[in-house]
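These are the residues of each chain, in order.
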Amino acid sequence: MGILERFTTIVKANINELLDHAEDPAKMIDQYLVDLTESLAEVRQETAGVIAEEKRCRRMVDDNAAEIARMEDLAKKALAAGNEGDARTFLGKKQQLATAGAELEKAYDAAHANADKMRQMHDKLVRDIENLKSRRETIKAKVAVAKTQVKVAGFTSSSDRAESAIEAFDRMEAKADRMLDTADAMAELNEEPADEVADLEKKYASAVNDAAVDDDLARLKAEMGL
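Analysis parameters
Residues numbered from 1 in each chain as written. Predicted model: local features only at pLDDT ≥ 70, side-chain atom pairs only at ≥ 80, totals over all residues. Heavy atoms only, no water. Helix = DSSP H or I, 4+ residues; strand = E, 2+ residues; numbered from the N terminus. Areas by Shrake-Rupley, 256 points an atom, 1.4 Å probe, with all protein chains shown as cover. Salt bridge = Lys/Arg side-chain N within 4 Å of Asp/Glu carboxyl O. Buried < 20%, exposed > 50% of the residue type's maximum accessible area, 1.4 Å probe, protein only. Core = buried A, V, L, I, M, F, W, Y, C linked by side-chain atoms within 4.5 Å.

A. Fine view of the overall build of the protein chain. A count of helices and strands for the protein chain gives six helices and zero strands. Its helices and strands taken in sequence order, the protein chain reads α-α-α-α-α-α from the N to the C terminus. In the structure as shown, the protein chain presents an accessible area of about 14400 Å², 55% of it carried by carbon and sulfur atoms.

Have a look at this one:
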């Protein structure tokens, strides 16, 4: 089950819990915190996966850069040995790697942005849970005082009880809306927009690469005095 579906299920479950146990908000708050804590475990797992993807993309960028440098070095050695054709081959491979490297950089930037969003979401959920825990005892104390006052007074009007239940429902519903907004934001991050410019770049990549190889070869020969 995805995070968005998970949050939606939690929200529905807690609204039903509220409706079924509106006479005992203390128990409802405890269950709400249990559900949020379970959600935190899932968010933590998802965050770890996104961070792992970020690291994988970073390694691919670094490995590609290292391979580009290696092709450059081999081209120099080929020229030094008088094998211009071999040098051109190495430089052609270098240009292919450079083109792939640009795409790898884009993938890493996207993975990095996703990782940052997940870290922020995780940290916010941790803070929210801690805040609710600190408020739980205050709410329970208020509930206890309210029950005592009811006993002392001997009765409460039906309208007063209904108003209290509606206010509690509104508070829980507002929290549920915030959770769904967060889940929607995360779902949007997973959508990758089409890049028409990148497709066109691939179409003309071979012509650009040939020219780049010639320029690179001329530069190497000039550097080596050939």
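B. Here's a closer look at the pattern of salt bridges. This structure, assessed with the given rule, holds 14 salt bridges. Between E67 and R70 there is a salt bridge, with its nearest N and O atoms 2.7 Å apart. Separated by three residues within a single helix, E67 and R70 lie in helix α2 (residues 25-80), roughly one turn from each other. Residue D116 pairs with R119 through a salt bridge whose shortest N-O separation is 2.9 Å. Taken together, the residues D116 and R119, both in helix α3 (residues 84-153) and three residues apart, mark about one turn of the helix. Owing to a relative accessible area of 29%, D116 belongs among the partly exposed residues under this scheme. R119 gets classed as partly exposed once you look at its relative accessible area, which sits at 28%. Look at the salt bridges and you will find they share partners, linking E72, K94, D216, R219 and E223 into a network.

C. Region of the structure containing the nonpolar core. Counting 12 residues, the largest nonpolar core consists of M28, I29, Y32, L33, L36, L40, V43, L125, I129, L132, M172 and M179. The set of elements that each furnish at least two residues to this core consists of α2, α3 and α4 (158-189). A75, L79, A87 and L217 belong to the second largest nonpolar core, which has eight residues in total.

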